[in-house]
Amino acid sequence: MHNGYIDSYYNATARGIRERPALQGELTADVCVIGGGITGTSAALHLAQRGKKVVLLEAQRVGWGASGRNGGHVSVGQRKDQPALEKLVGHETAGKLWDLGLEAVQLLKALIAGHSIDCDLKSGVLYVAAKQREVSGLQQECEHLRQRYGHQSVRFIPRDELLGMLGTNRYFAGMLDETAAHLHPLNYVLGLAAAGEAAGATIYERSRVCAFEQGQTVVVRTKAGCVRARDVVIACNGYVESLSRRMAGQIMPINNFILATEPLPETEARSIIRDDVAVQDSLFVINYWKLSADNRLIFGGGENYSRRFPADIRSFVRKYMLRVYPQLAETRIDYAWGGTLAITMSRLPGFGRLADNVLYAQGYSGHGVPTATLGGKLLAEAVSGETQRFDLMAGLPTRRFPGGALLRWPALVAGMSYYALRDRL
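### Points about the overall build of the protein
The helix and strand tally for the protein stands at 14 helices and 17 strands. The dimensions of the protein, computed from C-alpha atoms along their principal axes, are 60 × 50 × 45 Å. Burial statistics for the protein: of 425 residues in total, 59% are counted as buried. The contacts in the protein between residues at least 6 apart in sequence include a share of 75% that link residues at least 24 apart. In the protein, 49 positive and 40 negative side-chain charges are present, and the distance between their average locations comes to 6 Å.

Right, dumping it as structure tokens:
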């Protein structure tokens, strides 16, 4: 396709792609948002709804990056599970994070309904244990969520029941969360952008920010223009690069890969995911999958830690798919693509300020669809002077990657390769 997006199933089935101009000349705004993914479009929408004059600058196209390429899973909570959070930050803060994680999913659903975003929203995410020793922990986590947090929509799935739900014998138990969901991520972010524009925000595409100058008024520069704004929101995630070395040193961009099969007959589709839920396993390099609206299996598997994608992404991901579903050996692969996401050392998102009037959110670590949606709302709150919830997220414990933005790669590759080897063993 030649519309400025990568070739993917999501691009081929996108609704609402339209050309937006590049920034030319000088503008003034209350807030300049840098980045047109989920964080940026959510921030622009919520800021515009508060009466702010918002200009959003996107280097490529709206949803071009990880926001429009991911698995589309909408999980409840944070990237780290609640027992781990309780140990890390204490029960009180862990409880607040749980509430925010639940609100993120509720907000996403409300935005989809309120703005009539056509993005194939479906209910349910099933988490499956890849190793026998993980079964008891999964069962305990399920009971913990039900008893301590009152989350009654989650239930433990024993292995005999799981076999009938998934059509694979690779996994030992599961935990089904019916509040969680899955969707078409590119159509979701396109819908957020359109909603933001309807609320009064202005979006410029193909307008890469090359620098910004801090001060009481921040000057945000592209090659062909600039925006002068009282406040700036940076929402670049894995693509921040040289725009802010400080931000870049807090995250690690990694590449993840997805395929989409040909449409499957209804009986075959139901044999591999009986209840049309999204699925993700417990491996360090996770496998995750779901059915599309037209019964394609969308399967994510494998990642790398370089600046290059595999030469043959189809074959790269297909081997992971066949470990789970060997019965799909003759199934045609129609699309395969990759994307760059950002992880943090703690796997908790990185919220913060470069200055009082320069705020950011990034590092969702594979949990970005709901967390970035809420992140945009929290950024809008903070810009408007309501800082409590943003400050809670900004106060979470974080660690910079050893070596900062320039020297972090060797240590990461060694560490990731070690855990990937443990998966295989």
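### Description of the packing of helix α2 (residues 38-49) against helix α7 (residues 185-198)
Put simply, α2 and α7 touch, their axes get as near as 8 Å, and they point 25 degrees apart. Compared by their axis directions, α2 and α7 come out roughly parallel. Two packed elements cross with a definite hand, and for α2 against α7 that hand is left-handed. Residues I38, T41, S42, L45 and A48 of α2 pack against Y188, V189, L192, A193, A195 and G196 of α7.

### Thoughts on the packing of aromatic side chains
For the structure shown, the criterion picks out 12 aromatic pairs. Cluster of aromatic residues (ring-pair linked, three or more members): Y9, Y10, Y335 and W337. One cation-aromatic arrangement involves R69 over W64; the distance from NZ or CZ to the ring centre is 4.5 Å. Above the face of the Y320 ring, R323 is positioned so that its terminal group lies 4.9 Å from the ring centre.

### Notes on the pairing of strand β8 (residues 209-213)
Alignment of β8 against strand β9 (residues 218-222), held across four bridges, turns out to be antiparallel. Across the sheet, residue A211 finds its bridge partner in β9, namely R221. Between β8 and β9, which pair antiparallel and follow one another directly, the connecting turn spans four residues.

### With respect to unusual backbone geometry
Residues other than glycine predominantly adopt negative phi, and peptide bonds predominantly adopt the trans conformation. Unlike most non-glycine residues, N237 shows phi in positive territory, near 50 degrees. One can find N237 in the loop between β10 (225-234) and α8 (245-248). For N237, a relative accessible area of 15% gives the class buried. The residue N295 is not glycine, and still its phi comes out positive at about 65 degrees.

Cut-offs and rules
- Residues numbered from 1 in each chain as written.
- Predicted model: local features only at pLDDT ≥ 70, side-chain atom pairs only at ≥ 80, totals over all residues.
- Heavy atoms only, no water.
- Helix = DSSP H or I, 4+ residues; strand = E, 2+ residues; numbered from the N terminus.
- Buried < 20%, exposed > 50% of the residue type's maximum accessible area, 1.4 Å probe, protein only.
- Contact = heavy atoms within 4.5 Å.
- Lys, Arg positive; Asp, Glu negative; His and termini not counted.
- Charge placed at Lys NZ, Arg CZ, Asp CG, Glu CD.
- Axes fitted to C-alpha atoms, helices over the stretch in contact; angles between N-to-C directions.
- Parallel < 35°, antiparallel > 145°, perpendicular 65-115°, else oblique.
- Left-handed = near helix turned anticlockwise from the far one by under 90°.
- Phe/Tyr/Trp six-rings, centres within 6.5 Å; stacked < 30°, edge-to-face > 60°.
- Lys NZ or Arg CZ within 6 Å of the ring centre and 35° of its normal.
- Pairing = 2+ DSSP bridges.

The values are spatial; any link to function lies outside them.
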